[in-house]
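Structural description and commentary
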Amino acid sequence: MCPTRVSLSRENVKGDFVQLVNEISGQNVLNCYQCGRCSSGCPLTFAMRLLPNQVIRLVQLGLQEEALETNTIWVCASCLTCHARCPRGVDLAKVMEALRAIGLRPGTHDRIKPEDLPPETLAKLPQQALVSGLRKFTK
Amino acid sequence: MKRIGVFICHCGSNIAGTLDIDRIIETTKTFPGVVQAEDYKYLCSDPGQNLVQKMIEAHKLDAVVISACTPSLHEPTFRKAAEMVGMNPYQVEIANIREQCSWVHDDTPTATDKAIKMIRSIVEKVRLNESLEPITAPLTKKALVIGGGISGIQAALDIANSGYEVIVVEREPSIGGHMAQLSETFPTLDCSQCILTPKMVELNLHPKVTIHTYSEIESLGGYIGNFKVGIRKRAKSVDHVRCTSCGLCYEKCPVKRPSEFERGLAKRKAIYVPFPQAIPNKPVIDRENCLKFTKDACGNCEKVCPTTAVDFTQQDEIIEEEVGAIVVASGYDLYATAELREYGGGKVPDVVDGLQFERLLSASGPTQGEILRPSDGKVAKEVVFVQCAGSRDTERGKPYCSKICCMYTAKHAMLYKHKVHDGQAYIFYIDVRAGGKGYEEFYQRGVDEDGTVYLRGKVSRIFQDGDKVMVWGSDTLTGKKVEIAADMVVLAPATVPSVGTEDLARELKIQVDIDGFLSEVHPKLRPVESITTGFYLAGAGQAPKDIPEAVAQAGGAASKVVALFSGDLVHRDPMIVGVVEDTCSGCGVCVGVCPYSARELDTEKKKVKVVEVLCEGCGACGAACPTGSAQQKNLTDAQIISMVGASLGESSESPDSK
């Protein structure tokens, strides 16, 4: 399955990705001690390529590509069984949501900046459109 | 003929669930000499013991066979009960029909047959049992503690504070042991030397304590209460009475050798004090490397010494001491990293062991507490810790868990992060074993606050790659192979009994286990006593253990010594091997095989005599004696032969009737 060696360093284990996931989700993924209780209770693992705890593990190690390419983050239905049972208080549904958001947002830089928009456009823009736009087009 | 009573215990359903008690009772009653057979649900209970006592009195019994669990559990119980109603305790014997029968069989008819034969064989034995009295001997109320690490220090202090004299023998030039090398201690991170040195000082100043450093056990004779020990005080080549600890000698010494205390990370001189807080704080000369001894040159130290304390002519001195009890606190060492070939085999300079890392962390260490790698002195920014380096490896290393590594590595990673803020610590582990007060919380703190990254998997290979140390491992939680180009690797090698433990154990005639650790009598209920009476165990020489455990065990060992010293006599088991003088030919074979020097040849009478207090009843002489004159009390040849006969189902022939 994985013949290549993954190189670990300060850059990935303490890199932007872990911090970004933590920031968006409001969780601390490093709290997870990999007991596997989330995976053992998850009702949707039959459809997942990686177990929920494995996705958390990839995030802990800063392995962004691997974490984002798995279908697990999309299969998660946010039923919160995992969160209810997690002994370390990690809300996995929020972490999965954060990963989906990171996956959706193209690029790694903010595509729109409110301060760049002309005041007249801003004045006309519906609030909802502005919020949606920021959500989709900023990192 | 003796009137014998047999008692069968049901042990709830432990025995009665498998064996046919009624048939046992019925059959037992037919054995010659058996006048009474009774059964009871729990014979060891108070009513059970009362039943035995009542029957002894009612039927005027001479001997009793208790058919129950192993004698190592309740033999003392029933012997005491019998003694209370006037029976000699050595007329009580146990037939172990639980561990040796009901627990290991499930077929009731055949198991019952076996139990009947076992009981019959014990009935045969007890018929010929003599009434014995314990052997008593005087007692020297002075203790010897071997090893001056934290366990030895604690044991010595506890004994001395109870009012008894203690002699401490330490092999190294200073007391303190490995604890003196540690930087901080888990889980509180208090400085190791700060909590150790007050104890070292207390020991040194204690009026009841005599410390012999740079000394070893030369010889040991005697027995519990009455040991005679020879202590070799190695020549220090410095008169410690004259020496004022001024330090001029080691300033002027031109020789530089790897310092044992600094684990080779710094140099010491040939005349040296191992560390600044050493006790005694006076130097010794390492004669193997001193130019005066190797080339008859130099002599700087002698020239500069203002008090003429340096004495090249000093000789080893052997002193004799008499002690009543011995605490063995011989300590541990780390498994040699040279054995770990796939981890660099001790050849990659930036792969260090746990104790070396302690020295790097220590503010008084070779780098003043900076985490500089040994090869080029650069600050290590990526450090990989490898757990179970040689532990839990039945094939190439040690099968056991070394117990302390999980916690000290968690501590290492934490302290490292406190010193190198932008550094990263990785720990490869198989399981994290953080059992202990505050330990789990400590380990989690390392993850939460100091960002230690734990990787579940054993490292396969460590090698030099440019100026990095490449670590190949795996993270079994993701199923990925991982590699880390580290600046430095810290191994947590297996802990092993300290060098020389085996020789020491042989000299003391105490037992070690398959891994070389000192053996205790019972792993749960008598964990601080050696199998040989009079020896008590403390610290990591008995099994890997951390400081709180070592200190607790040392206190336990000390309390055993103090309990022994609270009496005026020692009592010894009388199950010794005597001499049948009529048949003894005085050949002396038994004298040579006796491991306890309990047998002597009386050259005038041409007979062997036994020093009863020395005999441990091991039976080596009995096996060696060509004339059958060395007979073990209550286990004579005649008894064994009739027991074998009974076991084989032969009809009993009373030797009395012959």
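Residues numbered from 1 in each chain as written. Chains lettered and ligands numbered in written order. Predicted model: local features only at pLDDT ≥ 70, side-chain atom pairs only at ≥ 80, totals over all residues. Heavy atoms only, no water.

1. Some words on the overall build of chain A
Put simply, the rule is: For helices the rule is a DSSP run of H or I covering at least 4 residues; for strands it is a run of E covering at least 2, with both sets numbered from the N terminus onward. In this scheme, a residue with accessible area under 20% of its type's maximum is buried, one over 50% is exposed, and one in between is partly exposed, where area comes from a 1.4 Å probe on protein chains only. By the convention used here, residues are in contact when the closest approach between their heavy atoms is within 4.5 Å. Throughout, the Shrake-Rupley method with a 1.4 Å probe supplies accessible areas, and for residues the shown protein chains are the sole cover considered.
Helix and strand counts for chain A come out as 10 helices and 1 strand. A total of 139 residues make up chain A; the buried ones form 39% of that total. Taking contacts inside chain A between residues at least 6 apart in sequence as the whole, the part at least 24 apart equals 64%. Of the roughly 8,000 Å² of accessible surface on chain A, a fraction of 53% belongs to carbon and sulfur atoms.

2. Thoughts on the interface of chain B and chain A
Condition: Once two parts are brought into contact, the accessible area they lose, counted with a 1.4 Å probe and summed over both, makes up the buried area. A side-chain nitrogen of Lys or Arg and a carboxyl oxygen of Asp or Glu constitute a salt bridge if their distance falls within 4 Å. Under this grouping Gly is polar, as are all residues other than the nonpolar Ala, Val, Leu, Ile, Met, Phe, Trp, Tyr, Cys and Pro and the charged Asp, Glu, Lys and Arg.
The partner chain A presents 23 residues to the 27 residues of chain B that form the contact. In total, about 2,100 Å² of surface goes out of reach between chain B and chain A, with carbon and sulfur atoms giving 53% of it. When the buried area of chain B at its contact with chain A is split by residue, Leu477(B), Lys480(B) and Lys481(B) rank highest and sum to 28% of it. The tally of links from chain B across to chain A stands at 3 salt bridges. Where Asp448(B) meets Arg88(A), a salt bridge forms, and the shortest distance between an N and an O atom there is 3.2 Å. Secondary structure elements with two or more residues in the side of chain B that touches chain A: β22 (424–429), α13 (439–448), β23 (453–456), β25 (468–475) and β26 (480–486) of chain B. A per-element tally of the side of chain B that touches chain A places β26(B) first, with 6 residues. Counted by class, the side of chain B that touches chain A contains 10 nonpolar, 7 polar and 10 charged residues.

3. As for the sheet that holds β23(B)
Sheet strands line up and pair through hydrogen bonds in the backbone, either parallel or antiparallel. Residues and elements named next belong to chain B. Selection criterion: Two strands are said to pair when DSSP picks up at least two bridges between them. Helix axes use the C-alpha atoms of the stretch in contact, all axes being lines fitted to C-alpha atoms, and the angles between their N-to-C directions lie in the range 0 to 180 degrees.
With parallel pairing, the 5 strands of this open sheet are ordered in space as β20-β27-β21-β22-β23. Only two strands of the sheet have a single neighbouring strand rather than two, namely β20 (351–353) and β23. Strand-to-strand twist across the sheet, computed as the mean angle between neighbouring axes with direction ignored, equals 25°. Bridging between strand β21 (residues 382–389) and strand β27 (residues 488–493) involves 5 bridges; their strand directions are parallel. Its bridge partner lying in β27, Val 383 is registered against Met 488. Lying over the sheet, helix α12 (residues 405–419) contacts β21, β22, β23 and β27, oriented at roughly 175° with respect to β21.

4. Observations regarding the sheet that holds strand β11 (residues 215–223) of chain B
Residues and elements named next belong to chain B. Spatially, β11-β12-β17 is the arrangement adopted by the 3 strands of the open sheet, whose pairing is antiparallel. In this open sheet, the two edge strands, each paired with only one partner strand, are β11 and β17 (317–323). In this sheet, neighbouring strand axes are inclined to one another by 20° on average, regardless of whether the strands run parallel or antiparallel. The pairing of strand β12 (residues 226–233) with β17 spans 7 bridges and is antiparallel. Paired with Lys 228 across the two strands is Glu 322, which belongs to β17.

5. Focus: the domain arrangement of chain A
For clarity, the cut-off: Either an automatic procedure or a domain database provided the assignment from which the domain bounds are taken.
Taken domain by domain, chain A consists of domain 1 (10–104) and domain 2 (110–139). The C-alpha-based centres of domain 1 of chain A and domain 2 of chain A are spaced at 29 Å.

6. Concerning the confidence of the model for chain B
The cut-off we apply is this: Predictor confidence is given residue by residue as pLDDT, running from a minimum of 0 to a maximum of 100.
Per-residue confidence for chain B gives a mean pLDDT of 95; residues scoring 70 or more make up 99%. Taken as a whole, residues 654–658 of chain B scores under 50 in pLDDT and shows 7 contacts with residues more than four places along the chain or in a different chain.

7. Observations concerning the nonpolar core
Keep this limit in mind: Residues grouped as a nonpolar core are buried Ala, Val, Leu, Ile, Met, Phe, Trp, Tyr and Cys residues, joined through side-chain atoms within 4.5 Å.
Grouped together as the largest cluster of nonpolar side chains are 52 residues, with contacts concentrated most on Leu8(A), Val21(A), Leu99(A), Val384(B), Ile462(B), Val489(B) and Leu491(B). Among all residues touching Val489(B), those that are not within four sequence positions of it are Asp350(B), Val351(B), Val352(B), Val384(B), Val386(B), Ile462(B), Val469(B) and Val471(B).

8. Side note on the side chain of Gln639(B)
Residue and element names in this part refer to chain B. The criterion, for reference: In protein, a polar contact requires one atom able to donate a hydrogen and another able to accept it; more generally it is a pair of N or O atoms within 3.5 Å, and residues adjacent in sequence count only if both atoms are side-chain atoms.
Within the secondary structure, Gln 639 is located in helix α18 (residues 637–647). A polar contact is formed between the side chain of Gln 639 and the backbone nitrogen of Leu 635, at a distance of 3.0 Å. Excluding residues that lie within four positions of it along the chain, Gln 639 makes contacts with Lys 125, Leu 128, Asn 129 and Asn 634.

9. Points about the state of the cysteines
All names here are of chain B. We count it as follows: Only a pair of cysteine sulfur atoms within 2.5 Å qualifies as a disulfide here.
This structure, assessed with the given rule, holds 1 disulfide over all chains. Among the cysteines around Cys 69, which has no disulfide bond, Cys 11 carries the closest sulfur, lying 6.3 Å off. We classify Cys 69 as buried; its relative accessible area is 9%. The cysteine Cys 301 is free of any disulfide, with Cys 290 supplying the nearest cysteine sulfur at 5.8 Å.

10. Describing a negative patch on the surface
Residue and element names in this part refer to chain B. Stated precisely, the cut-off is as follows: Residues enter patches when their relative accessible area tops 30% and they take part in no salt bridge; the joining distance is 9 Å for like charges and 5 Å for the nonpolar side chains Val, Leu, Ile, Met, Phe, Trp and Tyr. Positive: Lys, Arg. Negative: Asp, Glu. His and the chain ends are not part of the count. By convention, the point assigned to a charge is CZ for Arg, NZ for Lys, CD for Glu and CG for Asp.
On the surface, Asp 20, Asp 22, Glu 26 and Asp 39 cluster together into a patch of negative charge. Within the secondary structure, Asp 39 sits in strand β2 (residues 34–40). Overall, Asp 39 belongs to the partly exposed group, its relative accessible area being 31%.

11. Observations concerning the packing of aromatic side chains
Residue and element names in this part refer to chain B. Convention followed: Classification of ring pairs uses Phe, Tyr and Trp, with its six-membered ring standing for Trp, and accepts pairs whose centres are within 6.5 Å; under 30 degrees between planes counts as stacked, over 60 as edge-to-face, and the remaining range as tilted.
The tally for this structure, following the rule as stated, stands at 10 aromatic pairs over all chains. Each ring, one from Phe 261 and one from Phe 275, has its centre 4.4 Å from the other, and the planes form 15°; the classification is stacked. Of this pair, Phe 261 sits in the loop between β13 (257–258) and β14 (267–268) while Phe 275 sits in the loop between β15 (271–272) and β16 (284–285), placing them 14 residues apart in sequence. Exposure remark for Phe 261: the relative accessible area of 10% places this residue in the buried category. Between Tyr 443 and Tyr 454, the aromatic rings sit 5.0 Å apart at their centres with planes inclined by 80°, giving edge-to-face as the arrangement. Linking Tyr 443 in helix α13 with Tyr 454 in strand β23, this pair joins segments that are 11 residues apart in sequence.

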